Amino acid sequence: MSGPIGIFDSGYGGLTILHAIRQLLPQYDYIYLGDNARAPYGTRSFDVVYEFTREAVERLFALGCQLVILGCNTASAKALRTIQQNDLPQWDPSRRVLGIIRPTAEVIGTLTVSRHVGIFATEGTIRSESYNLEIAKFWPDIKVSGVACPFWVPLVEYNEADSPGADYFVKKRIDQLLRLDPEIDTVILGCTHYPLLLPKIHKYIPRGIRIVAQGEYVADSLQHYFQLHQELEQRCTRGGSVHYLTTENPDKFRESAQIFLHEPVEVENVSLGK
């Protein structure tokens, strides 16, 4: 059986992951599923995020996807391991579900000199300590400090990322992170919305601190994964197409997707859950 690559996110941020993957691997077919009706996931419990993510992965598998990438840090932090360990063996052991935290964790030690790394993310991702745990597996010498940025996602989704009002919220979190650890020389954007705030982040982050957006590392990691798992790569169809699905109003998705992709998209509504 063969089919497209599925990319799931609770909202729109995963579009930055999809964009980066398509830049590197444009030949494959993709299905993007946004659970926009139930977003955001960042403040929801582990159990709820797991249940919602499980429903989405099941839907993408039903649509023929052989590989699903959780293009959402909260889902990667709260649901990935349980799905990999408990659900995949029952559904189909030949298929795969991958997250987006590990690819950045694997490379971060090659990017920091001071060995002090900062994380900006949602409250759920920070509380889960997923980045701390994942980075410690590869780079136990690195000190990780994280700050939750609750207003950053709404700023992006309401198209306010370039507005003067965004400055206050961006500067506040940068200052908070650097008070936690002044030796930080590398900062991970641990939410897929945050790359759209890069102009503001660069405005207030001290010079010499590297900002790491996940997209390119996730794309590189997927390319490498395919080299190691050619039997899975062979089952991913190649037509260069993208199909967009949302659990919310398709018109609203079309409008918001333009903020992330700068191109018109065709999208259809699906329902998840009971």
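A short tour of the structure in this document, coming up. (Residues numbered from 1 in each chain as written. Predicted model: local features only at pLDDT ≥ 70, side-chain atom pairs only at ≥ 80, totals over all residues. Heavy atoms only, no water.)

## Some thoughts on the sheet that holds strand S2 (residues 30–34)
Right, on to step 1. The parallel open sheet is built from six strands, whose spatial order is S4-S3-S1-S2-S9-S10. Because the sheet does not close on itself, it has two edges, and the strands there are strand S4 (96–98) and strand S10 (267–269). Across the sheet, the mean angle separating the axes of adjacent strands is 20 degrees when strand polarity is ignored.
Right, on to step 2. Bridge analysis of strand S1 (residues 5–9) against S2 gives five bridges, and the strand direction is parallel. Following the sheet pairing, Ile 7 is matched in S2 by Tyr 32.
Right, on to step 3. Where helix H11 (residues 215–228) meets the sheet, it contacts S1, strand S3 (67–70) and S4, and its direction lies at approximately 155 degrees from that of S3. (Pairing = 2+ DSSP bridges. Helix = DSSP H or I, 4+ residues; strand = E, 2+ residues; numbered from the N terminus. Axes fitted to C-alpha atoms, helices over the stretch in contact; angles between N-to-C directions. Contact = heavy atoms within 4.5 Å.)

## Digging into the side chain of Arg 95
Right, on to step 1. Structurally, Arg 95 can be placed in the loop between helix H4 (80–91) and S4.
Right, on to step 2. Taking the relative accessible area as the measure of exposure, Arg 95 reaches 8% and is therefore buried.
Right, on to step 3. Within the structure, the side chain of Arg 95 is placed 2.9 Å from the backbone oxygen of Phe 61, a separation counted as a polar contact.
Right, on to step 4. In this view, Arg 95 contacts Met 1, Phe 61, Gly 64, Cys 65, Gln 66, Leu 88 and Arg 235; residues no more than four positions away in its chain are not counted. (Buried < 20%, exposed > 50% of the residue type's maximum accessible area, 1.4 Å probe, protein only. Polar contact = N/O pair within 3.5 Å; in protein donor to acceptor, adjacent residues only side chain to side chain.)

## Concerning the packing of helix H2 (residues 46–62) against H4
Right, on to step 1. Packing of H2 against H4 brings their axes to within 12 Å, and their N-to-C directions diverge by 35 degrees. Seen from above, H2 lies across H4 with right-handed handedness. Every residue of H4 that contacts H2 at Tyr 50, Thr 53, Arg 54, Val 57, Glu 58 and Phe 61 is listed here: Thr 82, Ile 83, Asp 87, Leu 88 and Trp 91.
Right, on to step 2. Taken together, the residues of the contact of H2 with H4 sort by class into six nonpolar, two polar and three charged. (Left-handed = near helix turned anticlockwise from the far one by under 90°. Nonpolar A, V, L, I, M, F, W, Y, C, P; charged D, E, K, R; others polar.)

## Thoughts on the nonpolar core
For soluble globular proteins, the rule of thumb is that nonpolar side chains tend to be buried together.
Right, on to step 1. In terms of nonpolar packing, the biggest core is built from 52 residues, with Leu 15, Ile 21, Phe 120 and Tyr 244 touching the most fellow members.
Right, on to step 2. Setting aside its immediate chain neighbours within four residues, Ile 21 contacts Ile 7, Pro 26, Tyr 30, Ile 69, Val 218, Ala 219 and Leu 222.
Right, on to step 3. Core analysis: the second largest hydrophobic core is formed by 24 residues, Phe 8, Leu 33, Tyr 41 and Tyr 50 among them. (Core = buried A, V, L, I, M, F, W, Y, C linked by side-chain atoms within 4.5 Å.)

## Details of the sheet that holds strand S7 (residues 186–189)
Right, on to step 1. With parallel pairing, the four strands of this open sheet are ordered in space as S6-S5-S7-S8. Each edge of the sheet is formed by a strand with only one pairing partner; in this case those strands are strand S6 (143–148) and strand S8 (210–212). Averaged over all pairs of adjacent strands, the angle between their axes in this sheet comes to 25 degrees, without regard to strand direction.

## A look at the pattern of salt bridges
Right, on to step 1. One pass over the full model with this rule turns up 16 salt bridges.
Right, on to step 2. Residue Asp 87 is joined to Arg 54 by a salt bridge in which the shortest nitrogen-to-oxygen separation is 3.1 Å. Residue Asp 87 is located in helix H4, and its partner Arg 54 is located in helix H2; the two are separated by 33 residues in the primary sequence.
Right, on to step 3. Here Asp 167 ties to Lys 200 by a salt bridge, and the two come within 2.6 Å at their closest N and O atoms. Of the two residues, Asp 167 is situated in helix H9 (residues 164–180) and Lys 200 in helix H10 (residues 198–204); the sequence distance between them amounts to 33 residues.
Right, on to step 4. The exposure class of Asp 167 is buried, given its relative accessible area of 9%.
Right, on to step 5. Overall, Lys 200 belongs to the buried group, its relative accessible area being 10%.
Right, on to step 6. Each member of the salt-bridge network shares a partner with another, and the members are Asp 35, Arg 38 and Glu 55. (Salt bridge = Lys/Arg side-chain N within 4 Å of Asp/Glu carboxyl O.)

## Remarks on the packing of aromatic side chains
Right, on to step 1. Under the defined criterion, the tally for this structure stands at 13 aromatic pairs.
Right, on to step 2. Each ring, one from Phe 120 and one from Trp 152, has its centre 5.0 Å from the other, and the planes form 50 degrees; the classification is tilted. Of the two residues, Phe 120 is situated in strand S5 (residues 116–121) and Trp 152 in helix H8 (residues 152–157); the sequence distance between them amounts to 32 residues.
Right, on to step 3. On the basis of relative accessible area, Trp 152 is assigned to the buried category, the value being 0%.
Right, on to step 4. One cation-aromatic arrangement involves Arg 38 over Phe 52; the distance from NZ or CZ to the ring centre is 3.6 Å.
Right, on to step 5. Here the guanidinium or amino end of Arg 95 rests over the ring plane of Phe 61, the centre of that ring lying 5.0 Å away. (Phe/Tyr/Trp six-rings, centres within 6.5 Å; stacked < 30°, edge-to-face > 60°. Lys NZ or Arg CZ within 6 Å of the ring centre and 35° of its normal.)

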